[in-house]
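Geometric and topological summary
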Amino acid sequence: MNDEGRRRAGDPIRLLLADDHPVVRAGLRAVLDTEPDFRVVAEAATAERAVALAAAGGFDVVLMDLQFGPGMHGAQATAAITAAAGAPRVLILTTYDSDADILAAVEAGASGYLLKDAPPEELAAAVRTAAAGRSALAPAVAHRLMDRMRTPAEALTKRELEVLQLLGEGLSNQQISKKLFLSQATVKSHLVHIYAKLGVDSRTSAVAAATARRLIRR
């Protein structure tokens, strides 16, 4: 984004809403339009469209869903948007609060992570915080990240969470290796570490334990 596209003091915070559900976008617009310092500039029904619009400039904050169905994932779109110089801030707004989703979004460069059941005042505060260049995390999300920091030896790595997520989706070791571009031996090694950290001895038990602890999404 060039200097002309940057927000100046006193200007409204320009927003891009990225969600594949029209009803959700309409609800967000209705809530955000009540804030005098916000202006919803555009909407995107796909992650790919959000990336294209963000690249064109004119936005300060992108409210990004994680799941868009077929095509690009919200975390992938976040990484593509934030990689550009002068990029807008990305605030994840989703129904998912698993460790796998949170870590993927944070690593992709998201400035914040909020759940869709957040009250309007919390959403507005998060948008302003993100626009100011600070981190805006839902309390539950911040708590989960703090728990990981307190017990790093027990926490699953991002790669282990990726393997576990695919395991939960019913993929075989061979399918996981192709999906993540890993050797089958490496996948087996990750599974050994996953089992040890979760205190289980089977794929079924690992998925059940991870789901109960909200490490992965089901």
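Right above here is the structure, for reference.
Anyway, here's the lowdown on the structure attached to this text. (Residues numbered from 1 in each chain as written. Predicted model: local features only at pLDDT ≥ 70, side-chain atom pairs only at ≥ 80, totals over all residues. Heavy atoms only, no water.)

Topic: the sheet that holds strand β3 (residues 61-64)
Heads up, the rule is: For two strands to count as paired, DSSP must find a minimum of two bridges between them. Counting from the N terminus, the helices are DSSP H or I runs at least four residues long and the strands are E runs at least two residues long.
Ordered by their spatial adjacency, six strands build an open sheet running β2-β1-β3-β4-β5-β6, and the pairing between neighbours is parallel. In this open sheet, the two edge strands, each paired with only one partner strand, are β2 (38-44) and β6 (136-137).

Notes on the pairing of β3
For a regular strand, side-chain orientation follows a simple rule: the groups alternate between the two sheet faces. Just so we agree on the cut-off: Relative accessibility decides the category of a residue: with a 1.4 Å probe and only protein chains considered, values under 20% of the type maximum give buried, values over 50% give exposed, and everything between is partly exposed. Orienting the strands away from the viewer, one traces the path from the first strand over the helix to the second; a clockwise path indicates a right-handed crossover.
A two-sided burial pattern is seen for β3, the buried positions comprising Val61 and Leu63 on one face and Val62 and Met64 on the other. Where strand β1 (residues 13-18) lies against β3, four bridges are found, and the strand directions are parallel. By the bridge assignment, Leu15 is partnered in β3 with Val61. Each parallel crossover has a hand, and the one from β3 via helix α3 (residues 74-82) to strand β4 (residues 89-94) is right-handed.

Looking at the pairing of strand β5 (residues 112-115)
Burial of β5 is two-sided: the residues Gly112 and Leu114 facing one way and the residues Tyr113 and Leu115 facing the other way are all buried. With four bridges joining them, β4 and β5 adopt parallel strand pairing. Following the sheet pairing, Leu93 is matched in β5 by Leu114. Taking the sense of rotation as the criterion, the β-α-β connection linking β4, helix α4 (residues 99-108) and β5 turns out right-handed. In this view, the connection linking β5 to its parallel neighbour β6 by way of helix α5 (residues 120-131) has left-handed handedness.

Concerning the side chain of Glu160
Of note, Glu160 is situated in helix α7 (residues 158-168). Here Glu160 falls in the buried class, since its relative accessible area comes to 5%.

Re the pattern of salt bridges
Note on pairing: side chains with opposite charge can pair once their charged atoms come close. Using the following cut-off: When a carboxyl oxygen of Asp or Glu lies within 4 Å of a side-chain nitrogen of Lys or Arg, that pair is called a salt bridge.
This structure, assessed with the given rule, holds 15 salt bridges. Asp65 is paired through a salt bridge with Lys116; the nearest N and O atoms lie 3.5 Å apart. Taken together, the residues span a long stretch of sequence, with Asp65 in the loop between β3 and α3 and Lys116 in the loop between β5 and α5 at a distance of 51 residues. A residue is classified by how much of its surface remains accessible, and Asp65, at 5% relative accessible area, is buried. With its nearest N and O atoms 2.9 Å apart, the salt bridge here joins Arg159 to Glu162. Taken together, the positions of Arg159 and Glu162, both in helix α7 and three residues apart, correspond to about one turn of that helix.

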